[in-house]
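# Inside the fold
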Amino acid sequence: MSRIVPYPLMMASLVVVWLALTSFSLGQLIVAVAVALVAGQGLAALHPAKPRLRRWELIPKLIGIVLYDIVRSNIAVVSIILGGPRRARRSGFVSIPLDLRDPTGLAVLSVIITSTPGTAWFDYNSARGMLLVHVFDLVDEEGWRDLIKNRYEHMLMEIFE
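What comes next concerns the included structure. (Residues numbered from 1 in each chain as written. Predicted model: local features only at pLDDT ≥ 70, side-chain atom pairs only at ≥ 80, totals over all residues. Heavy atoms only, no water.)

So, on to the environment of arginine 3. Locating arginine 3 in the fold gives a position in the segment before helix H1 (8-21). Classification of arginine 3 as exposed rests on a relative accessible area of 74%. In this structure, the C-alpha to C-alpha distance between arginine 3 and valine 16, residues 13 residues apart in sequence, is 21 Å. (Helix = DSSP H or I, 4+ residues; strand = E, 2+ residues; numbered from the N terminus. Buried < 20%, exposed > 50% of the residue type's maximum accessible area, 1.4 Å probe, protein only.)

The following block contains the structure:
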């Protein structure tokens, strides 16, 4: 059974998301299951390393922090777009030295940064451990470095390393 369904949680999640994004019908269910089976086989062919989670209990806290930051960032971006206080806006890039080396932790950090409105993961130099992030409204570069290192990287290191 594990050869046919190598990643059951991922495949079930894919079916649920597929059905949530389309209309629920027998045809869509069949297509979703077929896509999930192909995606599961494709992922199994890559032989990804299993992530080691050292501190499971921090995951709900991280999810709460990320959701809070996403809501807060949505409000900030909407206020900028809809004409908040007029001041010179400057977007730019921030270089952030990272101590995090775990590939799964880095992947989670990239999802966190990119899913937060107004920020985007731009580049990561693994040899130097340097992350480049684009910020829509860059006011304080050092503040962004502190936010990513102390709010996200520290907790991801506790979870994955």
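Attention now moves to the nonpolar core. Counting 23 residues, the largest nonpolar core has Leu62, Leu109 and Tyr152 as the members making the most contacts within it. Put simply, the parts of the chain that give this core at least two residues each are helix H3 (59-81), strand S1 (92-97), helix H4 (103-115), strand S3 (130-135) and helix H5 (141-160). Counting residues in hydrophobic clusters, the runner-up holds five residues, among them Met11, Leu19, Ala32 and Ala36. (Core = buried A, V, L, I, M, F, W, Y, C linked by side-chain atoms within 4.5 Å.)

Further remarks concern the sheet that holds S1. The antiparallel open sheet is built from three strands, whose spatial order is S1-S3-S2. At either end of the open sheet lies a strand with only one pairing partner, and these are S1 and strand S2 (119-125). For this sheet, the mean inter-axis angle between neighbouring strands, taken without regard to orientation, is 25°. Inspection of the sheet shows S2 paired to S3 by six bridges, in the antiparallel sense. (Pairing = 2+ DSSP bridges. Axes fitted to C-alpha atoms, helices over the stretch in contact; angles between N-to-C directions.)

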